[in-house]
Amino acid sequence: MYFYLSIFNLSTVWVMMAQLQPGCPDEKEKTTALKDLLSRIDLDELMKKDEPPFEFPDTLEGFEYIFNEKGQLRHIKTGEPFVFNYREDLHRWNQKRYEALGEIITKYVYELLQKECHLKKVTLPVDATESEPKSFIFMSEDALTNPDKLLVLIHGNGVVRAGQWARRLIINKDLDSGTQMPYIKRAAEEGYGVIVLNPNENYIEVEKTKAQVQLSSDSSGEPAEKRERKDKIQKETKKRRDFYEKYRNPQKEKETVQMCIRDNGSPEEHAIYVWDHFISQSAAENVFFVAHSYGGLAFVELMIQREAEVKNKVTAVALTDSIHNVWHQEAGKTIREWMRENCCNWVSSSEPLDTLVESMLPDCPRVSSGTERHELTSWKSFPSIFKFFSKAMDAKNNSVKPTPTRRSNRIKYEEL
């Protein structure tokens, strides 16, 4: 309560200042007095009033949540779903709590990939030294040796990591809709090898040392007067930026620096690196991709960079609400033609599953995923995608390209 009263009082002071028009000496004195009053207010402390520290448990049990037999996150005592607004009127604290839980979910999914899906964790870069930043992917034991089929999964951009489609779905719906595990288990049942990419793991964050902080603000080599003016401008800019930052996240005190992972500094780089070191080296005659959202853009970039290799090895690509753009990415005519014949994009739509959807881009067929929610497209199109892959393999064996067709408003995969 004190926090809001303080904000109200501060706002009142600002309004009074805005109403003062510079003119007679009395008004100038009042302006000076108000400025002096503002300078005495400790904004850092003001923003921290009544806000609990950002200290959260590091286990699901600590949060008093657990996944039930249906893969739904439920409170241990009440059995209720996750509650975001755990503390009323403390949105930042609730958001930080949600993010802390999300990090635990990420580690939990990693464990499931290894224990339930029987995947192994492989470090990147493959020749990483002990001291350099590292990433990793997951793959089945037969990923590189399976002579028949290999499935490659690429999630979208953001906070999600290997094995996830959408963190929000994992927390608020269930593991089946939010993770890639149904795809991995189905692939294993049908004799696929599996590689799970981790395109958002591009860097590690380490706390800046005092020397690094000092170095970043040092402007040695410049004339003293110029450096003084520059420092003054920087200080004023930093003061305004810090005011916003302290309001948005008042308890952030440590400065960090990002250390990029070699050859994996972006989703596009990561996809190309995994292709060069794993997928292209695999024994599989038929490689299949499932790429969601930004993962579709990463795949198109991979095609642009490794066109001949991809055409030779990839049998079919299932995109789910992909955000790729063949014009902006400058994909050539031969790539666009290949995508029209070998790719299909299950997009968010109110139409029934597999209904053809018109497209303005000349790349690949677009069909409805059966949902208007972007994050659900991979889950809703799951059964259709494996049928699409089966049809693609049969078509390849019969030397016929796999183009989705519409019959009675639905794609028919039977009776090839």
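Residues numbered from 1 in each chain as written. Predicted model: local features only at pLDDT ≥ 70, side-chain atom pairs only at ≥ 80, totals over all residues. Heavy atoms only, no water.

A.B. asks: Give me the lowdown on the pattern of salt bridges, citing residues and values where you can.
C.D. replies: For the structure shown, the criterion picks out 13 salt bridges. Arg262 serves as the salt-bridge partner of Glu132, at 2.8 Å between the closest nitrogen and oxygen. Note that Glu132 is positioned in the loop between β3 (120-124) and β4 (135-139) and Arg262 in the loop between β8 (256-260) and α10 (267-277), a separation of 130 residues in sequence. Connected through salt bridges with shared partners, the residues Asp127, Glu132 and Arg262 form a single ionic network. (Salt bridge = Lys/Arg side-chain N within 4 Å of Asp/Glu carboxyl O. Helix = DSSP H or I, 4+ residues; strand = E, 2+ residues; numbered from the N terminus.)

A.B. asks: Quick one: what's the story with the side chain of Asn200, residue by residue and with numbers?
C.D. replies: Take Asn200: it is sitting in the loop between β6 (192-196) and β7 (203-207). A polar contact is formed between the side chain of Asn200 and the backbone oxygen of Gly158, at a distance of 3.2 Å. Setting aside residues up to four positions removed in sequence, Asn200 forms contacts with His155, Gly156, Asn157, Gly158, Val160, Arg161 and Pro267. (Polar contact = N/O pair within 3.5 Å; in protein donor to acceptor, adjacent residues only side chain to side chain. Contact = heavy atoms within 4.5 Å.)

A.B. asks: Lay out the nonpolar core with the relevant residues and their values.
C.D. replies: Counting residues in each nonpolar core, the largest one holds 46 residues, and the members touching the most others are Leu151, Val290 and Phe389. In this structure, Phe389 is in contact with Leu151, Tyr192, Phe288, Phe289, Val290, Ala316, Val317 and Ala318, ignoring residues within four places of it in sequence. Ranked by size, the runner-up nonpolar core spans 37 residues in total, among them Ala284, Ile335, Cys343 and Cys364. (Core = buried A, V, L, I, M, F, W, Y, C linked by side-chain atoms within 4.5 Å. Buried < 20%, exposed > 50% of the residue type's maximum accessible area, 1.4 Å probe, protein only.)

A.B. asks: Tell me what's going on with the pairing of β4, and back it up with residues and numbers.
C.D. replies: Across the five residues that make up β4, a large majority, five, are buried. Neither face of β4 is exposed, since Ser135, Ile137 and Met139 on one face and Phe136 and Phe138 on the opposite face are all buried. Where β4 meets β6, two bridges bridge the pair, whose relative direction is antiparallel. Considered in β6, the bridge of Phe138 is made with Val196. (Pairing = 2+ DSSP bridges.)

A.B. asks: Account for helix α13 (residues 333-342), naming residues and giving values.
C.D. replies: By the burial criterion, the buried members of α13 are Ile335, Arg336, Trp338, Met339 and Asn342. Each buried residue of α13 lies within a common arc of 160° when the element is viewed along its axis, so the set occupies one face. Where α13 is buried, its residues touch α11 (294-305), α12 (307-313), β10 (314-320), β11 (343-347) and α15 (382-397). (Arc of directions from axis to C-beta.)

A.B. asks: Which residues make up the pairing of β6, and what values go with them?
C.D. replies: Of all five residues making up β6, five are buried, and the element is well covered by its neighbours. Here β6 shows no split at all, with Tyr192, Val194 and Val196 on one side and Gly193 and Ile195 on the other all buried.

A.B. asks: Before we move on, can you summarise the environment of Val300 with the specific residues and values?
C.D. replies: In this structure, Val300 sits in helix α11. A relative accessible area of 0% places Val300 in the buried class. For the pair Val300 and Gln329, spaced 29 residues apart in the sequence, the C-alpha separation amounts to 7.9 Å. Non-local contacts of Val300, meaning those with residues more than four positions away in its chain, are made with His324, Gln329, Ala331 and Met339.

A.B. asks: Before we move on, can you summarise the packing of α11 against α13 with the specific residues and values?
C.D. replies: For the pair α11 and α13, the least separation of the axes is 10 Å and the interaxial angle reads 130°. Between α11 and α13, the angle falls in the class oblique. Two packed elements cross with a definite hand, and for α11 against α13 that hand is right-handed. Seen from α11, the contacting residues are Phe299, Val300, Met303 and Ile304; seen from α13, they are Ile335, Trp338 and Met339. Classifying every residue of the contact of α11 with α13 gives seven nonpolar, no polar and no charged. (Axes fitted to C-alpha atoms, helices over the stretch in contact; angles between N-to-C directions. Parallel < 35°, antiparallel > 145°, perpendicular 65-115°, else oblique. Left-handed = near helix turned anticlockwise from the far one by under 90°. Nonpolar A, V, L, I, M, F, W, Y, C, P; charged D, E, K, R; others polar.)

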